Amino acid sequence: QDGLKQCLAEFRQQLTWVERLDVTLGPVADPVSQSASTSDAVDPENDFQREMSFYRQAQAAVLEALPRLRKLQVPTRRPDDYFAEMAKSDQQMQKIRQKLKSKQEAMERSEKAKQLRAMRKYGKKVQVEILQRRQKEKKNMLNAVKKYQKGLSDKLDFLDEEQTSSQGNKKGNASQRTKKGPNAKRRYKNQKFGFGGKKKGSKWNTKESFNDVSSFQSKVAHNKGPGKGGRGGKGGKKALNKRPGKRARQKMKNRSR
């Protein structure tokens, strides 16, 4: 009994309202029905109605307490320079940031790996389709050849298809080569030594050059021109001064000994 009486005496301390800040009111009037809902009208099983009654009661307490606080010159708004210390330390927040960053990087890596796998899968699929198509074309051509050999068919369309496909491949490779061009090493050598053009077959005769006889000179062609050592020509003296052969020079050398 003594302890209970002591607690009761503490409860009965006459403190000012600023120290207690207790407000006991009913819920505020409903703006729709313009009437205050009593506790008996609230269905405790209805969650929405129960929460709305709590909300209106808190709203009524705010409307009652704010004027009294302003009258007692108690500030109710947070000042602009108010600084509230965070519940978590900076080290802990830094750890959280690093963890979030590592998770994001892991997700990005996983997404990139997923895209690479999808691209590889698609490339493999395309490669398999190309191989199957080639095998099918080869099989069809072999069947056509067998039919032709057995006399079941007299058409040679498969040869035309093969030739057109090979020409298409050559054209594609040639276009790729022209687009690609020579490499850096070839360009450097061309720049340093020059490009002499085609060497093989450069002196071959053509139909036009064979029919063109405008530059033909019979005297020059048959070694009868001036300065030539032909029969009856003026170059006889020059022909006499011709160097003897190796065997003649050897005999002359032996005689001198």
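For the structure itself, look to the data block above.
For clarity, every value in this text was computed on a predicted model and none was experimentally measured.

Conventions we followed
Residues numbered from 1 in each chain as written. Predicted model: local features only at pLDDT ≥ 70, side-chain atom pairs only at ≥ 80, totals over all residues. Heavy atoms only, no water. Helix = DSSP H or I, 4+ residues; strand = E, 2+ residues; numbered from the N terminus. Buried < 20%, exposed > 50% of the residue type's maximum accessible area, 1.4 Å probe, protein only. Contact = heavy atoms within 4.5 Å. Areas by Shrake-Rupley, 256 points an atom, 1.4 Å probe, with all protein chains shown as cover. Polar contact = N/O pair within 3.5 Å; in protein donor to acceptor, adjacent residues only side chain to side chain. Phe/Tyr/Trp six-rings, centres within 6.5 Å; stacked < 30°, edge-to-face > 60°. Lys NZ or Arg CZ within 6 Å of the ring centre and 35° of its normal. Salt bridge = Lys/Arg side-chain N within 4 Å of Asp/Glu carboxyl O. Expected span 1.5 Å × (residues − 1).

### Digging into the overall build of the protein chain
Within the protein chain, the secondary structure is distributed over 10 helices and two strands. Listing each helix as α and each strand as β along the protein chain from the N terminus yields α-α-β-β-α-α-α-α-α-α-α-α. Looking at the protein chain residue by residue over its 257 residues, the buried ones come to 5%. A separation of at least 24 residues holds for 43% of the contacts in the protein chain among residues at least 6 apart in sequence. Carbon and sulfur atoms make up 53% of the accessible area of the protein chain, which totals about 25,500 Å².

### A short note on the side chain of S53
Relative to the elements of secondary structure, S53 occurs in helix α3 (residues 47–71). A polar contact is formed between the side chain of S53 and the backbone oxygen of R50, at a distance of 2.5 Å. Apart from residues lying up to four places away in sequence, S53 is in contact with P27 and V42.

### What to know about the packing of aromatic side chains
On inspection of all chains with the given rule, the structure shows zero aromatic pairs. Its guanidinium or amino end placed over the ring of W17, R68 lies 4.0 Å from that ring's centre, counting from NZ or CZ.

### Topic: the pattern of salt bridges
A complete count under the given rule lists three salt bridges for this structure. R20 serves as the salt-bridge partner of D22, at 2.8 Å between the closest nitrogen and oxygen. A residue is classified by how much of its surface remains accessible, and R20, at 42% relative accessible area, is partly exposed.

### Here's the deal with α3
The terminal C-alpha atoms of α3 lie 37 Å apart, and with 25 residues this matches the ideal 36 Å at 1.5 Å per residue to within 8%. Among all positions in α3, only S53, R56, A60, A65 and L69 are buried. Close packing links the buried residues of α3 with α2 (17–20) and β1 (29–30). Two or three places before F48, at the opening of α3, N46 has a side-chain oxygen 3.4 Å from that residue's backbone nitrogen. Remark: Q73 follows α3 within two positions and exhibits a positive phi of approximately 60°.

### Structural notes on unusual backbone geometry
Of note, L21 is a non-glycine position whose phi angle comes to about 55°, a positive value. Within the secondary structure, L21 sits in the loop between α2 and β1. With a phi close to 60°, Q73 is a non-glycine residue in the positive phi region. Considering the arrangement of structural elements, one finds Q73 in the loop between α3 and α4 (90–150). A relative accessible area of 74% means that Q73 is categorised as exposed.

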